[in-house]
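The primary structure of each chain is shown beneath.
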Amino acid sequence: MIRHSLLFALVLTASSPLYALAQASHSPVSSKGSFHLEPLSWWADMHNPKLQLMLYSDALPTDAVQLKVEIIGKDVVFEGIEQTENPHYLFINLDLCQAKPQTFDIRILDGDKQLLQLPYTLAARAEDSRERQGFSNKDVIYLITPDRFANGNPNNDNQADMLEHAAPDNSDGRHGGDIEGIRQHLDYFAKLGVTQLWINPLLENNQAQYSYHGYAMTNLYRVDPRFGSNQDYQRLVTEAKQHGLGVIKDVVLNHIGSNHWWLEDLPSSDWLNVPQQPNVTATQTAPAASFTSHRRTTVQDPYADTQDKRDFVDGWFVDSMPDLNQRNPKLATYLIQNSIWWVEYAGLSGIREDTYSYADKAFLTQWSKALMAEYPHFNIVGEEWTANPITVSYWQKGKINADGYSSDLPSLMDFPLYEKLLESLNEPEGWDTGFIKLYEMLANDVVYANPSQLVLFEGNHDTNRIYSLLKENLPLYQMALTYVLTAKRIPQLFYGTEVLMTSPTEGRHDGVVRSDFPGGFANSKVSGFSGKGLNAKQLQALAFVRTLLNYRKHSTALQTGDLLHFVPQNGVYVQFRCAAKHPTAGNACYQADADKVMVIYNKNDQAQTLDLSQFNKVLAGNSSANSVFTGDKFKLNQSLALPHAGVMLLELKHQ
């Protein structure tokens, strides 16, 4: 039952003596115990002026006769409080529409007795914060698992208040990589040619084991001290911008870690999606029946039973990841504000949202809509891990769904095209095998509202390494990376792909897939950063990736151009990307003066001759081409020799 209290608020002016007194001292005053006040701070002049503070304190009595809240600040309008059955929580609603940057005091009283006095800061927003540009087709995203990339500060590897210590010889343990290790290699990323860093979660994961991956968060406002501090993260983003790099935050809305401080004293009995008693302790786990079914299609299936839908959305991912109930409006507000806080605090250029469809779908629209309203040019990509484009397309903004569901999510990870890329490269060529599967998968783009906004990848922290999946065949590897980086998509690479990092090919081997980047740790005999100790194939792969990435940086055709492809024949698949010089109603590839790039994928080990006459309509106006990889020049009025299996990337030259 919700307990009602008599409330009042004082909204003081700058001329008030109490306001002046409050400005003189901002240290918290509490009669006893600990407290959390979240968000940690906020900003003036936000698009949405409303703010809901979550206050937790064991100083809040269960038997308060007259609980009062005083706000001692200029133009900070108090709009009341909300409570749950847990008296240790107080939700304070504020309107900051007229408030300027300041630090104001929040006083909590029981009658005339002061229980808490807490300072709260409204900061000034960074210039043009609202207009920040999110990641786009112009970018290449580089995914980093921070614990495994580089150890820039060995002194933070172990922390007294953290349950798990470094175990560099354990593939599933912590290895010591951190924010400082990433910061020290910003020049490497810039020279490689990537433009965005997606970093697996950096927030506190105070779990007893397997905490390095970051997806069982125990504090949503604190960077894990084994990675660094909040200020270190902020500094990383600032310095990354100076190198032409944006930073994308990995966000988890579906679940938290079982050692999150909420689990010691839950805000309400419906905070989690499990049929357990209120105030579940961190030592309790979900009953077997409460684990998610992972049946993603139930969310959009017109014939699905309601219980089957609940079994997917409301079940726990694993027993160490309690499932959050985003239908609780206070939790929904908390999660939305948390995401906005990190964007504003750190200066982010994007969010990747984990296990996207597992959260309540009405909330997901509310969350993404709130972020995009706050930052109109921002970008968010969701993870919907399925090979079915119909399932993925359901979640993209602009899709007209049969059930009426409307999403506000701009982008999703393109798992269907990724899966088909691997399949087509590994299969022998035939009528219905090989390249034709990749060709036909692109026809499914008709189900997407905006297919070019999908993020296509060659691998991530949950997939085995692509070089291994392609049987360590360098020409196939080069074809795969060229496809990802020249597709009409937003491309993403996984750290270490550029130096041919390997893994098993069957089953899940997460700790091995996320092995240490060569050169990122003490006593490394091989370094991907300097090239020391890399073998000939690794050096060739690194040069290949660097050449392609840096060419893409300056190619309008590859960034935003139209796509035209031709039915694969005899193991050869040809695509064009074309950027129009002036507006055109049709595909720019048929426009004579467009900027054009031709990509030729060849699986044949024996030399082939490609008859260019079939491309006459596209090649009109182009007499020659330069190879991006070799610098060789080719005439386009004759057949093209394909000496061996591999990929050719040709920049077409005008007559």
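Please refer to the structure placed before this passage.
First, a word on scope: everything that follows refers to the structure included in this document.

At a closest axis distance of 10 Å, the pairing of helix H6 (residues 329-346) and helix H7 (residues 361-374) adopts a crossing angle of 35°. Helix-helix and strand crossings are classified by hand; for H6 and H7 the assignment is right-handed. Contacts between H6 and H7 involve Ala 332, Leu 335, Ile 336, Ser 339, Ile 340 and Val 343 on the former and, on the latter, Phe 363, Gln 366, Trp 367, Ala 370, Leu 371 and Glu 374. The residue makeup of the contact of H6 with H7, split by class, is 9 nonpolar, 2 polar and 1 charged.

Next up on the list: H6. Between its first and last C-alpha atoms H6 spans 26 Å; for 18 residues at 1.5 Å apiece the expected length is 26 Å, and the two agree. Burial runs high along H6: 16 of the 18 residues are buried. Here H6 starts with a cap whose side-chain oxygen sits 2.9 Å from the backbone nitrogen of Lys 330, and that cap is Asn 328. Looking one or two residues beyond H6, the residue adopting positive phi is Gly 347, at roughly 80°.

Spatially, S2-S4-S7-S6 is the arrangement adopted by the 4 strands of the open sheet, whose pairing is antiparallel. Each end of this open sheet is capped by a strand with a single partner; those strands are strand S2 (35-38) and strand S6 (77-82). With strand direction ignored, the average angle separating the axes of adjacent strands in the sheet is 20°. Pairing of S6 with strand S7 (residues 89-95), which is carried by 4 bridges, proceeds in the antiparallel orientation. Opposite Phe 78, over in S7, you have Leu 94 as the bridge partner. Where H6 meets the sheet, it contacts S2, strand S4 (50-57), S6 and S7, and its direction lies at approximately 110° from that of S4.

Moving on, we come to the side chain of Arg 577. As for its placement among the helices and strands, Arg 577 is situated in strand S21 (residues 572-579). It is Asp 562 that comes nearest to the buried, bridge-free Arg 577 among opposite-charge side chains, at 7.2 Å. There is a polar contact of 3.4 Å between the side chain of Arg 577 and the backbone oxygen of Ala 557. In this structure the side chain of Arg 577 is engaged in a polar contact, spanning 2.8 Å, whose partner is the backbone oxygen of Gly 561.

Right, let's talk about the pairing of S4 for a bit. Taking burial as the measure, the 8 residues of S4 include 7 buried ones, the bulk of the element. Where S2 lies against S4, 4 bridges are found, and the strand directions are antiparallel. Across the sheet, residue His 36 finds its bridge partner in S4, namely Tyr 56. Pairing of S4 with S7 involves 7 bridges; the strand directions are antiparallel. Bridging across to S7, Leu 51 finds its partner in Leu 94.

Our focus in this paragraph is H7. Its 14 residues give H7 an end-to-end C-alpha distance of 20 Å, which sits within 8% of 20 Å, the value for a rise of 1.5 Å per residue. Those residues of H7 that fall on the buried side of the exposure criterion are Phe 363, Leu 364, Thr 365, Trp 367, Ser 368, Leu 371, Met 372 and Glu 374. Among the structural elements, strand S14 (246-251), H6, strand S15 (350-353) and strand S16 (380-382) are those in contact with the buried residues of H7. Between the side-chain oxygen at the start of H7 and the backbone nitrogen of Ala 362 there is a gap of 3.4 Å, and the oxygen is on Asp 360.

As enumerated under the stated definition, the model contains 36 salt bridges in all. Across the pair Glu 374 and Arg 125 runs a salt bridge, and its minimum N-O distance is 3.8 Å. Taken together, the residues Glu 374 in helix H7 and Arg 125 in the loop between strand S9 (113-123) and strand S10 (141-144) connect sequence positions 249 residues apart. Both residues of the pair, Glu 374 and Arg 125, belong to the buried class. Measuring nitrogen to oxygen at the nearest pair gives 3.3 Å for the salt bridge that ties Lys 361 to Asp 403. Of this pair, Lys 361 sits in helix H7 while Asp 403 sits in the loop between helix H8 (389-393) and strand S17 (411-412); the two residues are 42 residues apart in sequence, bridging distant segments of the chain. Owing to a relative accessible area of 25%, Lys 361 belongs among the partly exposed residues under this scheme. Its relative accessible area of 41% is what places Asp 403 among the partly exposed residues. Bridged by salt links that share partners, the residues Arg 125, Arg 132, Glu 344 and Glu 374 form one connected network.

What counts and what doesn't
Residues numbered from 1 in each chain as written. Predicted model: local features only at pLDDT ≥ 70, side-chain atom pairs only at ≥ 80, totals over all residues. Heavy atoms only, no water. Axes fitted to C-alpha atoms, helices over the stretch in contact; angles between N-to-C directions. Helix = DSSP H or I, 4+ residues; strand = E, 2+ residues; numbered from the N terminus. Left-handed = near helix turned anticlockwise from the far one by under 90°. Contact = heavy atoms within 4.5 Å. Nonpolar A, V, L, I, M, F, W, Y, C, P; charged D, E, K, R; others polar. Expected span 1.5 Å × (residues − 1). Buried < 20%, exposed > 50% of the residue type's maximum accessible area, 1.4 Å probe, protein only. Polar contact = N/O pair within 3.5 Å; in protein donor to acceptor, adjacent residues only side chain to side chain. Pairing = 2+ DSSP bridges. Lys, Arg positive; Asp, Glu negative; His and termini not counted. Salt bridge = Lys/Arg side-chain N within 4 Å of Asp/Glu carboxyl O.

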